[in-house]
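What follows is the residue order along each chain.
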Amino acid sequence: MVEAVIRHDWARDEVVALFALPFNDLLHRAHAVHRAHHDPNAVQVSTLLSIKTGGCPEDCAYCPQAARYDTGVQAQKLMSVDAVVARAQAAKDAGASRFCMGAAWRSPKDRDIAKVAEIVGAVKALGLETCATLGMLTGGQAATLKGAGLDYYNHNLDTAPEFYGEIIHTRQYQDRLDTLEHVREAGLKTCCGGIVGMGESRGQRAGLLQTLANLPEHPQSVPINQLVQVEGTPLAGTGALDPFEFVRTIAVARILMPASMVRLSAGRQQMDDAVQALCFFAGANSIFYGEKLLTTGNPDVEHDRALLRRLDLHPLDVVEEAGTVHADILETGHAAGAAGCGQGCGCGAAA
Ligand code: SAM
Ligand code: DTB
Ligand code: SF4
């Protein structure tokens, strides 16, 4: 299996040409790249928590947390360290290896960062990988988060540069690129992707992926979200994207960024199992696991376990603890050592 060359000089025409390949040819090519760089039967499992919800001053047209849209989301202030740690422990017990914390800020204040740094340190101490998405960061804030033990910072480009102005007016594309630069310079891993199904053209979907692939480093994690339409946001009622076009987007992301984790992100609850299976074949190898994303729904964990089992997919990098053989969460519904096991799986947890 020949590994694909890592490139940062993709032309728009080349990316559009990939989208235009016959579906089977595109999936064949994407899967070959996937197989050369990753275990094709492993899926990285992250759990997401909104640690500060709603009341955001930005106008992102897709977002239920923007204060200016009447979406029914109740604003909540930053959660306490203990409350977040309890949720992170539960996520770990359920089999997640990464814990992603989201806050509805435009750009956090330094005192917010100090509090989040404390939270990150406590979550990291549980043995989980940590990820945060808090809005725009200065270089100093990124360095503080790195020092606290943060592994990944999520900051999405969201869409192609030329479509961005139709979706967000309260900050510029360049602001996003600047934050990504601060994140990279602090030595954090980058989680950066976008949303499809917002009414963009295929050329604009290609433009998003081209921009991601031509960053100075490929983001280590690339979330591809399908728009979750929320009543009250300007994008509610946008025409649905053909599911096969979503699969194509995953496949092109895999070809352009061969070594990155490509996350089948928001929108899975609205997606057929068969479409998700095609996404895994096309190169998706990461999901959000748990009944909620930030404010909207995600598939039931039982449903996801069954789906992964039906597709013979196993969770990647469940944290190994010394002397513990981890139970298969697909069989038992929890990682080894989880409180209150009692399912006779031999993991040693107390019932
Ligand atoms: N406020 C921070 C920011 O914007 O960077 C962090 C949280 S924000 C909710 C994180 C990402 O979630 C957004 O960049 C967007 O890509 C995604 N997102 C938000 N609402 C969504 C929706 N309705 N459907 C799909 N993705 C969504
Ligand atoms: C990402 O790209 N998608 C996640 C995560 N990064 C933070 C967020 C999806 C949010 C979907 C809408 C909601 O639940 O509020
Ligand atoms: Fe605010 Fe982030 Fe939502 Fe935009 S995506 S409105 S910045 S929470």
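Presented here is an overview of the structure given in this document.

Thresholds applied
- Residues numbered from 1 in each chain as written.
- Chains lettered and ligands numbered in written order.
- Predicted model: local features only at pLDDT ≥ 70, side-chain atom pairs only at ≥ 80, totals over all residues.
- Heavy atoms only, no water.
- Axes fitted to C-alpha atoms, helices over the stretch in contact; angles between N-to-C directions.
- Helix = DSSP H or I, 4+ residues; strand = E, 2+ residues; numbered from the N terminus.
- Parallel < 35°, antiparallel > 145°, perpendicular 65-115°, else oblique.
- Left-handed = near helix turned anticlockwise from the far one by under 90°.
- Contact = heavy atoms within 4.5 Å.
- Nonpolar A, V, L, I, M, F, W, Y, C, P; charged D, E, K, R; others polar.
- Salt bridge = Lys/Arg side-chain N within 4 Å of Asp/Glu carboxyl O.
- Expected span 1.5 Å × (residues − 1).
- Buried < 20%, exposed > 50% of the residue type's maximum accessible area, 1.4 Å probe, protein only.
- Near = heavy atom within 4 Å.
- Core = buried A, V, L, I, M, F, W, Y, C linked by side-chain atoms within 4.5 Å.
- Polar contact = N/O pair within 3.5 Å; in protein donor to acceptor, adjacent residues only side chain to side chain.
- Areas by Shrake-Rupley, 256 points an atom, 1.4 Å probe, with all protein chains shown as cover.
- Patch = residues over 30% accessible without salt bridge, like charges linked within 9 Å, V, L, I, M, F, W, Y side chains within 5 Å.
- Lys, Arg positive; Asp, Glu negative; His and termini not counted.
- Charge placed at Lys NZ, Arg CZ, Asp CG, Glu CD.
- Pairing = 2+ DSSP bridges.
- Right-handed = clockwise from strand over helix to strand, strands pointing away.

Structural notes on the packing of helix α1 (residues 12-19) against helix α9 (residues 243-256)
And step 1. Taken N-terminus to C-terminus, the directions of α1 and α9 make an angle of 130°; their axes are 9 Å apart at the nearest point. By the angle between their directions, the pair α1 and α9 is classed as oblique. The two elements α1 and α9 cross, and the hand of that crossing is right-handed. Where α1 approaches α9, its residues V15, L18 and F19 are matched on the opposing element by E245, R248, T249, V252, I255 and L256.
And step 2. Classifying every residue of the contact of α1 with α9 gives 6 nonpolar, 1 polar and 2 charged.

Quick look at the pattern of salt bridges
And step 1. Applying the stated rule across the entire model yields 14 salt bridges.
And step 2. Between E129 and R98 there is a salt bridge, and its shortest N-O distance comes to 3.1 Å. Of this pair, E129 sits in strand β3 (residues 129-133) while R98 sits in strand β2 (residues 98-103), and the two are 31 residues apart along the sequence.
And step 3. Three or more residues are tied together by salt bridges with common partners; here these are E200, R202, R205 and E245.

Describing the packing of helix α2 (residues 23-37) against α9
And step 1. In contact at an axis separation of 9 Å, α2 and α9 are set at 40° when each is read in the N-to-C sense. On the basis of their axis angle, the class for α2 and α9 is oblique. Pair α2 / α9 crosses with left-handed handedness. Facing F23, L26, L27, R29, A30, V33 and H34 of α2, the residues of α9 in contact are F244, V247, R248, A251, V252, R254 and I255.
And step 2. When grouped by side-chain class, the residues that make up the contact of α2 with α9 number 10 nonpolar, 1 polar and 3 charged.

A few points about α2
And step 1. Under the 1.5 Å per step criterion, the end-to-end length of α2 is 21 Å for 15 residues, consistent within 8% with the ideal 21 Å.
And step 2. All buried positions along α2 are accounted for by F23, L26, L27, A30, H31, V33, H34 and A36.
And step 3. Those residues of α2 that are buried lie in contact with α1, α9 and α10 (273-282).

A look at the site of ligand 3
And step 1. Surrounding ligand 3, one finds C56, E58, C60, Y62, C63, A66, A104 and R171.
And step 2. For the shell around ligand 3, the residue count by class is 6 nonpolar, no polar and 2 charged.

Quick notes on the nonpolar core
Within soluble globular proteins, side chains that are nonpolar tend to cluster in buried spots.
And step 1. The biggest cluster of nonpolar side chains holds 87 residues, and the ones touching the most others in it are Y62, F99, L134, Y153, L212, F246 and L256.
And step 2. At 8 residues, α9 tops the list of elements feeding residues into this core.
And step 3. Among all residues touching L256, those that are not within four sequence positions of it are W10, V15, L18, L209, Q210, A213 and H218.
And step 4. Within the second largest apolar cluster, 9 residues are counted, among which are C100, C131, A266 and L293.

Some words on the site of ligand 1
And step 1. In the region of ligand 1, 17 residues are neighbours, and Y62, T133, N156, D158 and V228 sit closest.
And step 2. Here A103 contributes a backbone N or O atom positioned 3.3 Å from a nitrogen atom of ligand 1.
And step 3. N156 places a side-chain nitrogen or oxygen 2.9 Å from an oxygen atom of ligand 1.
And step 4. When ligand 1 is considered free in solution it has 560 Å² of accessible area, and contact with the protein chains removes 91% of it.
And step 5. Split into classes, the residues belonging to the shell around ligand 1 amount to 9 nonpolar, 6 polar and 2 charged.

Digging into a positive patch on the surface
And step 1. A cluster of basic residues, K77, K109, R111 and K115, forms a positive patch on the protein surface.
And step 2. Assignment of secondary structure puts K109 in the loop between β2 and α4 (110-124).
And step 3. Relative accessible area serves as the criterion here: at 47%, K109 is assigned to the partly exposed category.

What to know about the pairing of β3
And step 1. Where burial is concerned, most of β3 is hidden: 4 out of the 5 residues are buried.
And step 2. Pairing geometry for β2 and β3, over 5 bridges, is parallel. What sits directly across from G102, in β3, is T133.
And step 3. The handedness of the β2 to β3 crossover, carried by α4, is right-handed.

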